[in-house]
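Overview (structure and organization)
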Amino acid sequence: MAEIGDMVEVDPDDPSPPPPLDGLVCFNHLYTRVTREVDAGVKSGLFGDGKFMTALDVAFANRYFEAIAAWDEGRLNDVPRVWEVLFDRRRRPGIASIQFAVAGVNAHINLDLAVALVSTCTDLGVPLNFADQRVQYEEINNIFDRLFARLREDFTSGRFERIDKDEIEHLLDRVSRFVVDKARDFAWMSAEQLAKHQEHEGREGADSFANILDRGSALAAHLLI
């Protein structure tokens, strides 16, 4: 089971000289914040069904950890194309920290979230269109909205400072609207389609549709970084 502590965190206020920019660390910084907020929400009763949200959060995180492990072990056929783009370019100079963070968001939402939704609902025996689950799923939009406001400061100071502050704020505004208003809705619709393929065509059909999502997300990743 994935744990929050497994993620690499970088303190943006650390006064020590920054290491060469690592794109994976940039995304980890953002993702760790999101995961902690979701975990706090579960513990505080923010979500009506804490069991569902915990299972979804773990399945979601494990997709990411499995991609990292496959890359590190040289099992490239097991690495989704969209994650391969980020892993391959994670130390390439001339790419801003916010670009890496956004590329990670693209991979994790546009591919991993749809797959994690289907696997979580399947494991728990919950219909994917069950109203309570959709309401809880959309509650995470509010978490993203709050976090992107805070992350403006993180990506314009300390070890993450790489490009003009005004440019970063402009990018964050656009990304936050995209993530909250579009990407997560698209992930839910993709999950519904993935579930239909799984129901009517079995694992092979579901895998085929997931590959289509992966190719589209990878194209977006190439444009981002």
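Residues numbered from 1 in each chain as written. Predicted model: local features only at pLDDT ≥ 70, side-chain atom pairs only at ≥ 80, totals over all residues. Heavy atoms only, no water.

The next subject is the overall build of the chain. If you tally the helices and strands in the chain, you get six helices and zero strands. The secondary structure elements of the chain, listed N-terminal to C-terminal, are α-α-α-α-α-α. Sequence-distant contacts in the chain: of pairs separated by 6 or more residues, those separated by 24 or more amount to 77%. Just so you have it, the chain exposes about 11,200 Å², and 50% of that area is on carbon and sulfur atoms. (Helix = DSSP H or I, 4+ residues; strand = E, 2+ residues; numbered from the N terminus. Contact = heavy atoms within 4.5 Å. Areas by Shrake-Rupley, 256 points an atom, 1.4 Å probe, with all protein chains shown as cover.)

Attention now goes to the packing of aromatic side chains. Applying the stated criterion across every chain yields a total of nine aromatic pairs. Ring centres of Phe-27 and Tyr-31 lie 5.5 Å apart, and the angle between their planes is 10°; this geometry places the pair in the stacked category. Highlighted residues: Phe-27 and Tyr-31, both in helix H1 (residues 23-44), separated by four residues, approximately one helical turn. In terms of burial, Phe-27 and Tyr-31 fall into one category: buried. Aromatic rings pair up to connect Phe-27, Tyr-31, Phe-60, Tyr-64, Phe-65, Trp-71, Trp-83 and Phe-87 into one cluster. (Phe/Tyr/Trp six-rings, centres within 6.5 Å; stacked < 30°, edge-to-face > 60°. Buried < 20%, exposed > 50% of the residue type's maximum accessible area, 1.4 Å probe, protein only.)

It is worth spelling out the environment of Val-79 at this point. With respect to the helices and strands, the residue Val-79 is situated in the loop between helix H2 (50-72) and helix H3 (81-89). Overall, the relative accessible area of 6% leaves Val-79 in the buried class. Distance from Val-79 to Ala-67, taken between C-alpha atoms, is 5.2 Å for residues twelve residues apart in sequence. Sequence-distant contacts of Val-79, that is, excluding residues within four places in its chain, are made with Ala-67, Ala-70, Trp-71, Glu-84 and Phe-87.

Looking at the chain, pLDDT values average 79 and 75% of them are 70 or higher. Mean pLDDT across the secondary structure elements of the chain bottoms out at helix H5 (residues 131-154), with 72, and peaks at H3, with 94. Taken as a whole, residues 1-12 scores under 50 in pLDDT and shows 36 contacts with residues more than four places along the chain or in a different chain. (pLDDT = per-residue confidence, 0-100.)

Among the secondary structure elements, Thr-122 is positioned in helix H4 (residues 97-124). By relative accessible area, Thr-122 is classed as partly exposed at 46%. Placed 73 residues apart in sequence, Thr-122 and Ala-195 show a C-alpha to C-alpha distance of 8.9 Å. Among the polar contacts listed, one links the side chain of Thr-122 to the side chain of Gln-198, at a separation of 3.3 Å. (Polar contact = N/O pair within 3.5 Å; in protein donor to acceptor, adjacent residues only side chain to side chain.)

Moving on, we come to H2. Helical geometry: 3.6 residues make up each α-helical turn, so side chains three or four residues apart lie on a common side. End to end, H2 covers 33 Å across 23 residues, agreeing with the expected 33 Å (1.5 Å per residue, within 8%). Two or three places before Lys-51, at the start of H2, stands the capping residue Asp-49, its side-chain oxygen 3.2 Å from that residue's backbone nitrogen. The first or second residue beyond H2 is Gly-74, which carries a positive phi of 75°. (Expected span 1.5 Å × (residues − 1).)

Further remarks concern the packing of H2 against H3. One can describe the packing of H2 onto H3 by two numbers: an axis separation of 11 Å at closest approach and a directional angle of 55°. Judged by the angle between their axes, H2 and H3 are oblique. For H2 against H3, the interelement crossing comes out right-handed. Contacts between H2 and H3 involve Tyr-64, Ala-67, Ile-68 and Trp-71 on the former and, on the latter, Trp-83, Glu-84, Phe-87 and Asp-88. In terms of residue class, the contact of H2 with H3 is built from six nonpolar, no polar and two charged. (Axes fitted to C-alpha atoms, helices over the stretch in contact; angles between N-to-C directions. Parallel < 35°, antiparallel > 145°, perpendicular 65-115°, else oblique. Left-handed = near helix turned anticlockwise from the far one by under 90°. Nonpolar A, V, L, I, M, F, W, Y, C, P; charged D, E, K, R; others polar.)

Our focus in this paragraph is the pattern of salt bridges. The full count for this structure, using the stated rule, is nine salt bridges. Here Arg-90 ties to Asp-22 by a salt bridge, and the two come within 2.7 Å at their closest N and O atoms. Of this pair, Arg-90 sits in the loop between H3 and H4 while Asp-22 sits in the segment before H1; the two residues are 68 residues apart in sequence, bridging distant segments of the chain. Just as Arg-90 is buried, Asp-22 falls in that class too. For Arg-91, the salt bridge goes to Asp-22, with nearest N and O atoms at 3.2 Å. Here Arg-91 is found in the loop between H3 and H4, whereas its partner Asp-22 is found in the segment before H1, with 69 residues between them in sequence. Salt bridges sharing partners connect three or more residues here, namely Asp-22, Arg-90 and Arg-91. (Salt bridge = Lys/Arg side-chain N within 4 Å of Asp/Glu carboxyl O.)

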